[in-house]
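Topology and contacts: notes
Next come the chains, spelled out residue by residue.
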Amino acid sequence: MKKQLLKYAAIVTALFFLTTGLEAQHATLKGKVSSADGPLEIATVEAGSLITTTDANGDYSISLPAGDHLVKVSYAGYEAASKRVSLKAGETVLLNFSLAALGKLDEVVLVGSRAKPRTSLGSPVPVDVIDVTKLVKLAPQVTVNQLLTFTAPSFTANTQSLGDGTDHIDPASLRGLGPDQVLILVNGKRRHTSSLVNTNGTFGKGTVGTDLNSIPVSSIEKIEILRDGAAAQYGSDAIAGVINIILKKNVNSFSATVNGGAYSSKSDGRKITDGEGLQLGLNYGVPLGKKGGYLNLSGSYDSREATDRTGTYNGVIYRSYPGGADRTDSFLTATGTTRRDYNLKVGQSELKSGQFIYNALIPVNEHTEFYSFGGIGYRKGLSAGFYRYPYQSRNVISIYPLGFLPYIGSDIHDRSFAAGIRSQVNGWEVDFSNTYGENQFAFSVENSLNASLLNASPTSFRAGGPRFIQNTVNTDIARSFDWLSGVNLSFGAEYRYEKYQIIAGDANSYTNYGTARQIGVDGSGNPILVNDPYGPVNTLFGPDGSARPGGAQVFPGFRPENAVNEARTAVSAYAGAELNFSSAFLADAAIRYENYSDFGSATNGKLALRYKVTPKISVRASASTGFRAPSLQQRYYANTNTVFTNGVANDVGVFPNNSRAARLVGIPALRPEKSSSVSAGITGAIGKFQVTLDGYFTRINDRVIFTDQFSGSIAPGSTPADQELYAILLQANATKAQFFANAINTETRGVDLVVSYSQKIGKGGLRADLAGTVSKTQKVGAVKTSDLLAGKEGIYFSNANKVYLENAVPNTKASLGLTYTIRKFNVYLRNNYFGGVTEATSTLANQQHYNPRVVTDLSFGYSLTRNLSLTIGANNLLDVYPEKIAIAANSNSGQFIYSRSATQFGYNGRYLFGKLSFSL
């Protein structure tokens, strides 16, 4: 930590002298911002990454580098304005703005309609607009997922623990639905999903989401969140809504942000400093030509260390064999160790990443422009698994005399490229584009072993991994007509190609080399094993006598029979019409036909209405149907994982839906999810308040879930199907099996509220933002089974699965953010309310409910020079933790202090940070 502080001090000193020396190369831009009613105080003036506000007379002054600049001015309740200006070194230029009263929020949104952009209060559907450029200078969060979690209550994403690759992705939810039921766009184009399917005990279990953290925050101008079903407009996956990430396009400016900090907390009586983080974000834009073209480049480097919020293990560390007597105390004495030396690690994983993104536009002529954007990213993660104790057959004493804590490594590669051309053809706006995306996981295992190799086992393994490719071709055509009070017609088509691969690991990562073999069964049907052939058993360090599992401990590698190379195509066509029957009444309709090569076709529609009751108050409503085809990952993923349930390890095989194992159990064939949604709301500007209130209902039929664990059997009286399943599991080095299936229908109801307020206080300005959501998802109707599943419904859709769907993340969230700006100072205070959650366990008596919590963020900012600002603060200032586990069965022998399956806001405690923002 001291070394990091010295680094930060050196950076501050260097940037201070650099900016002081560069001021002579700048020009001064000044002017007045006013409206029909007079000067506007605390209006925001932006030029690239530089931001200032007006004084009581509406005057502003800002120092800018010589060159061309786009200057933007905004003020709550007024229409934003922008002007271009050319500056020479040393000169002073006057630039005034006059803003028109709007009567609604001044955020302009692109998502939610194919028509021209409109303000968020004027939209017929609810849209949140997150100004990332401003927020990132104040808030302690540094990733897209965390920024949205603490800013948009309808959005939830938390860092996971002990979830294998999920520890490095952070699955996200919108309106309480699954990570695969929200569509992600970048600059309005479909973003590819992750190659990872979440199969361990975390929120989002059984789903495939989009890795939002692969997009550096330094590249983002703003984020739009459409909180409404939109499959008829944007296609499959948009059941919960759409998130559109808009990349920066500023020119003639360079900005850099350095953010560093660490958790300084107290948990379970221990004072802790860990989880050190360092983030560097860069952005630079240059003009291309003289007609508004640009090339904007962004890069980031992120490093975070692991945290540990583990309790003290109170279970058995050592047993002596034969007999299995608990010899833990004598073992600790003999080895000079303590119980904490045998803990697993619960907390955030270690992570390092580097990312680069570009965004470009080149005007071809007056009516045509070429655009392109894309990027590459690499992330390396390392997360701990469960401890393997000395006496267990999963350990080899000669390699790890004290047992071992294995680690899963992830090398994540992400690539994207989009290019297109927009043009006006006989009055029609035509947009033709191609968007390519690729995501790949390469798993490794460290500090582990393959127990079946005994002394010959290596301690690190290459375990293989999944790869996903998506290529999307779009043609979008739209035109506005002066019919009625304005009509916009749009239509288009999309062709999408998807490919999913699983690449096998090295043989030693998955093979069982057979040091313990089954030679029969006893009278109770239990397997009879041959003795360990490798010499006498040491009475202190001997193994427990059970079968040695094959494959790398913590994450057995992908086997050759798991390897797949599958592809599919999806073709769709849509049409839409937006009709302004009058200045008050708007109707927006859309219809979309979509055909998947593996799941057939569907037609979906949407109708949205908005009516202005007064110039400042509107009511709106929408109804839509939706469609989501199961992902290729859900169709073809297969592997054997070590899953711990109540502290007991099971090697669980995941088998494809079309496998022989699935047929033996009676798992029905996968089919698409289908949804229907309705929403209604009211929006208004009441004095200095801007308010939106929306209620919604979404029903999803045939929802895809990830089943609990099925077993085979060769016990006397077992069925031929159970015996065959038992044999299949043995071949896969597994003892249990899981599958993807359409098991249930669900209904989600909720209400969203957003309130904004601006007010002059003293010589400064106050901005207040209140947002809240209340939602409830529940299973409706009977579980959809088959004849073979009779009596196994509790495994097919378990009580734990029910909790993951209904209450593993908060059903209620609220956020109140206050920003006060005065001259060179700003203060940011935010309180976040996270509703209660429930432990996801199949034993109803152990489903503990964890009470709500309030988390406070506070930061102070100061402009050191015209180009350099410093922000210091804290996330979770009061060091709040979730409610502790009170049921011993959920604590994994005392090691889990806080639930890892039910996530509110994480469990790392207070994070202290410092942030430097530099711009030229």
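It should be emphasised that the depicted structure is a prediction, and the values quoted were computed from it without experimental measurement. (Residues numbered from 1 in each chain as written. Predicted model: local features only at pLDDT ≥ 70, side-chain atom pairs only at ≥ 80, totals over all residues. Heavy atoms only, no water.)

Taken residue by residue, a regular strand's side chains alternate between the two faces of the sheet. Where burial is concerned, most of strand E49 (residues 911-919) is hidden: seven out of the nine residues are buried. In the sheet, strand E19 (residues 253-267) pairs with E49 via nine bridges, with the strands oriented antiparallel. Within E49, the residue paired with Tyr 263 across the bridge is Tyr 911. As judged from the eight bridges shared by strand E48 (residues 868-875) and E49, these two strands associate in the antiparallel manner. Considered in E49, the bridge of Ile 872 is made with Gly 914. (Buried < 20%, exposed > 50% of the residue type's maximum accessible area, 1.4 Å probe, protein only. Helix = DSSP H or I, 4+ residues; strand = E, 2+ residues; numbered from the N terminus. Pairing = 2+ DSSP bridges.)

Time to look at helix H9 (residues 720-731). Along its twelve residues, H9 runs 17 Å from first to last C-alpha, staying within 8% of the 16 Å computed at 1.5 Å per residue. Buried within H9 we find Asp 722, Leu 725, Tyr 726, Ile 728 and Leu 729. Considered in projection along H9, the buried side chains sweep an arc of 165 degrees and stay on one side of the axis. Those residues of H9 that are exposed and angled more than 90 degrees off the buried face are Pro 720 and Gln 731. (Expected span 1.5 Å × (residues − 1). Arc of directions from axis to C-beta.)

This paragraph deals with the sheet that holds strand E15 (residues 182-186). Strand order across the open sheet formed by five strands is E12-E17-E18-E15-E16, with mixed pairing between neighbours. One side of each edge strand has no neighbouring strand; the edge strands of this open sheet are strand E12 (127-130) and strand E16 (189-190). Relative to E16, E15 is paired through two bridges, and the arrangement is antiparallel. From the neighbouring strand, Val 186 faces E16, where its bridge partner is Lys 189.

With that settled, consider the pattern of salt bridges. By the definition in use, this model includes 43 salt bridges. A salt bridge links Asp 651 to Arg 394; the nearest nitrogen and oxygen atoms lie 3.2 Å apart. Here the residue Asp 651 occupies a position in strand E37 (residues 648-654), and Arg 394 occupies one in the loop between strand E25 (368-384) and strand E26 (407-425), the gap between them amounting to 257 residues. Looking at Arg 394, the relative accessible area reads 12%, which means it is buried. A salt bridge links Asp 694 to Arg 620, with the nearest nitrogen and oxygen atoms 2.8 Å apart. Here the residue Asp 694 occupies a position in strand E39 (residues 689-706), and Arg 620 occupies one in strand E35 (residues 617-628), the gap between them amounting to 74 residues. Taking the relative accessible area as the measure of exposure, Asp 694 reaches 2% and is therefore buried. The buried category is assigned to Arg 620, whose relative accessible area is 5%. Taken together, the shared-partner salt bridges connect Glu 494, Arg 496, Glu 498, Arg 568, Arg 592, Glu 594, Asp 598 and Arg 635 into one network. (Salt bridge = Lys/Arg side-chain N within 4 Å of Asp/Glu carboxyl O.)

This paragraph deals with the side chain of Thr 642. Mapped onto the elements, Thr 642 comes out in strand E36 (residues 639-645). Within the local environment of Thr 642, its side chain forms a polar contact with the side chain of Asp 651, the two groups lying 3.0 Å apart. Thr 642 has contacts with Arg 388, Arg 394, Val 554, Pro 556, Ala 649, Asn 650 and Asp 651, leaving out every residue within four places of it along the chain. (Polar contact = N/O pair within 3.5 Å; in protein donor to acceptor, adjacent residues only side chain to side chain. Contact = heavy atoms within 4.5 Å.)

This part is about the sheet that holds E36. A sheet is described by the order of its strands in space; here three strands give the open sequence E36-E37-E40, paired in mixed fashion. At either end of the open sheet lies a strand with only one pairing partner, and these are E36 and strand E40 (736-738). The mean angle between the axes of side-by-side strands here comes to 40 degrees, regardless of whether they run parallel or antiparallel. Examined bridge by bridge, E36 and E37 share seven bridges and lie antiparallel to one another. Residue pairing for E37: Thr 642 is matched across the bridge by Asp 651. (Axes fitted to C-alpha atoms, helices over the stretch in contact; angles between N-to-C directions.)

Turning to its location among the elements, Thr 149 is positioned in helix H3 (residues 144-149). Reaching out from Thr 149, the side chain makes a polar contact with the backbone nitrogen of Ala 157 at a distance of 3.0 Å. Look past the residues within four positions of Thr 149 in its chain and what remains in contact with it is Phe 155, Thr 156, Ala 157, Lys 813 and Phe 834.

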